[in-house]
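Take a look at the letters that make up each chain.
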Amino acid sequence: MNIVWLSSRVLGSDLCSTTQIQLANGLVSKGHSVDFYSPGNSVANAFNHHSIERSSRRGFQARSVVKKLHEHLDKINSADVVLIDWPIFSIAKKIKPPVVLIDRGPPADNGILAMLQWRPWRKAWSITNKGTTVSSAHRNFVIEQTKYTNDSIQIIPAGVDLDLFQPAKKEGPIKLAYHGRVDVHRGVMSLPMVLAGLQLQGIDATLHIHGSGNAVERLRNIGMDGLVVTDAIPHEDLAAKLATYDIGFLPMPDHKVWSLASPLKRSEYLASGMVVCGIDHAGHQVEGSGDWMQLFSQKEFITSTVDWIKSLDRDALENLQNESRKYAEENLSWSHSVDALESMILS
């Protein structure tokens, strides 16, 4: 089947583009041809990438991509099916083949930008015949907000590359970690307080934060022993670091953006043989999780996390880490997500 995917995400530099890259490559591995139209560049991928110019002005980026995509309509309309990310779904009225709405999450910007984005998000769901979400909570939210039919929504959760993200020997101080967007509203400023709490209890621990965002300089300015903050690092380097870390954090608060999510970092933590601590809400919960997943209320997150880590010795931690990797192997491979997407396309 000839599949076209239209996206406004910057391929290769946008953290969220990892999901699209893995899904598109997975569809090719199953015998389909995939032409991907988006900003950015493709390196060593199996699908065909067509780079689209995008405005640098926030609020105009999706519109600029739609405008450029009009130049490729003849090629796009020769496909058997077209996948379209919701921010640019306005182009669907120009598409002749069947379309599938790809929703990796509702509007996430703050302030006026979010207000402007909700209308096209709702309109996209109002005019599509088929769509995808990342979780059951996300699907339920779509149904509640748009009165959409449950039967036409396929859940496509974030998976993980089990060959790239693998455990290595973990030893020495307890190594805590967070990676991804390092923004204040994601709860990252609570993480040094977890480290401080452990150190006050006499526990040898370090905290490693990798990413870019408005909290990076604030964290660096803390000047705390054991706190290591870096900019975003290449995926392969990140995987090598996570392999040696012990505990991964999900500090994002109970806000609809994250309560509806399927965070890629959670899957990467588990595949790396890490246990996970986070805020207790639907976006962080894992069906069938064991004691390797510890979720606490936002009010008690710091104290409960410190108490739980303090209760573990290295042997107990290692046992939980082995269980987390086993869960990832059985449930979080990208093949599960690719199968779900292919099923939606073929139906």
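I will try to describe carefully the structure that is included in this document. (Residues numbered from 1 in each chain as written. Predicted model: local features only at pLDDT ≥ 70, side-chain atom pairs only at ≥ 80, totals over all residues. Heavy atoms only, no water.)

Structural notes on the overall build of the chain
Alright, step 1. Of the regular secondary structure elements, the chain holds 13 helices and 13 strands.
Alright, step 2. Its C-alpha atoms give the chain a radius of gyration of 21 Å, within 12% of the compact-globule value 20 Å for 347 residues.
Alright, step 3. Overall, the chain is about 65 × 40 × 35 Å in size when its C-alpha atoms are taken along their principal axes.
Alright, step 4. Split into buried and exposed, the 347 residues of the chain put 53% on the buried side.
Alright, step 5. In the chain, the proportion of contacts linking residues at least 24 apart, taken out of those at least 6 apart, comes to 64%.
Alright, step 6. Here the chain has roughly 15,800 Å² of accessible surface; of this, 47% comes from carbon and sulfur atoms.
Alright, step 7. Each charge class in the chain was averaged separately, 35 positive and 37 negative side chains, and the resulting centres sit 10 Å apart. (Helix = DSSP H or I, 4+ residues; strand = E, 2+ residues; numbered from the N terminus. Rg over C-alpha atoms; globule rule 2.2 N^0.38 Å. Buried < 20%, exposed > 50% of the residue type's maximum accessible area, 1.4 Å probe, protein only. Contact = heavy atoms within 4.5 Å. Areas by Shrake-Rupley, 256 points an atom, 1.4 Å probe, with all protein chains shown as cover. Lys, Arg positive; Asp, Glu negative; His and termini not counted. Charge placed at Lys NZ, Arg CZ, Asp CG, Glu CD.)

Some points on the sheet that holds strand 10 (residues 227–230)
Alright, step 1. Taken together, the six strands give an open sheet; going across it, the order is 10-9-8-11-12-13, and neighbouring strands pair in parallel fashion. Taken across any chain shown, the strands that pair with only one partner, and hence form the sheet edges, are strand 10 and strand 13 (293–296). Direction aside, neighbouring strands of the sheet carry axes that sit 20° apart on average.
Alright, step 2. In this structure, strand 11 (residues 247–250) lies alongside strand 12 (residues 275–279), joined through four bridges in parallel fashion. Opposite L250, over in strand 12, you have G278 as the bridge partner.
Alright, step 3. Running at roughly 160° to strand 12, helix 11 (residues 301–310) makes contact with strand 8 (174–179), strand 11, strand 12 and strand 13 of the sheet. (Pairing = 2+ DSSP bridges. Axes fitted to C-alpha atoms, helices over the stretch in contact; angles between N-to-C directions.)

Topic: the pattern of salt bridges
Alright, step 1. Overall, the coordinates contain nine salt bridges when judged by the stated rule.
Alright, step 2. With its nearest N and O atoms 3.2 Å apart, the salt bridge here joins R220 to D231. Of this pair, R220 sits in helix 7 (residues 216–221) while D231 sits in the loop between strand 10 and helix 8 (235–242), and the two are eleven residues apart along the sequence.
Alright, step 3. Put simply, R325 and E329 hold a salt bridge, and the shortest N to O gap is 2.9 Å. Here R325 and its partner E329 are both found in helix 12 (residues 314–331), four residues apart, which amounts to about one turn of the helix.
Alright, step 4. Here the salt bridges do not stand alone but share partners, grouping K30, D339 and E342 into one network. (Salt bridge = Lys/Arg side-chain N within 4 Å of Asp/Glu carboxyl O.)

Some words on the environment of R186
Alright, step 1. Relative to the elements of secondary structure, R186 occurs in the loop between strand 8 and helix 6 (191–200).
Alright, step 2. Here the alpha-carbon distance between R186 and D254, two residues 68 residues apart in the chain, equals 9.9 Å.
Alright, step 3. Other than its neighbours up to four places away in sequence, R186 contacts Y178, R181, P251, M252, P253 and W258.

Focus: the nonpolar core
Alright, step 1. Membership of the largest hydrophobic core comes to 55 residues, with the highest contact counts inside it found for L176, I209, I247 and F249.
Alright, step 2. Those residues in contact with I247, other than ones at most four positions away along the chain, are I174, K175, L176, A177, M274, V275, C277, I309 and L317.
Alright, step 3. If you look at the next biggest cluster of nonpolar residues, it comprises 29 residues, including V4, I76, A92 and W121. (Core = buried A, V, L, I, M, F, W, Y, C linked by side-chain atoms within 4.5 Å.)

Things to note about the sheet that holds strand 2 (residues 33–38)
Alright, step 1. The sheet built from seven strands is open, its strands ordered 3-2-1-4-5-6-7 with parallel pairing. Whereas interior strands pair on both sides, the edge strands pair on one side only; in this sheet they are strand 3 (48–51) and strand 7 (153–155). Shown here is a sheet whose adjacent strand axes are inclined to one another by a mean of 20°, direction ignored.
Alright, step 2. Where strand 4 (residues 81–85) meets strand 5 (residues 99–102), four bridges bridge the pair, whose relative direction is parallel. Directly across from L83, in strand 5, lies its bridge partner V100.
Alright, step 3. Most of the contacts of helix 1 (residues 17–29) go to strand 2, to which it runs at about 155°, and overall it touches strand 1 (2–6), strand 2 and strand 4.

So, helix 5 (residues 136–146)
Alright, step 1. Taken together, the buried positions of helix 5 are H138, F141 and V142. Down the axis, helix 5 shows its buried residues gathered within 100° of arc, on one side only.
Alright, step 2. At the exit of helix 5 stands K147, carrying a positive phi of roughly 65°. (Arc of directions from axis to C-beta.)

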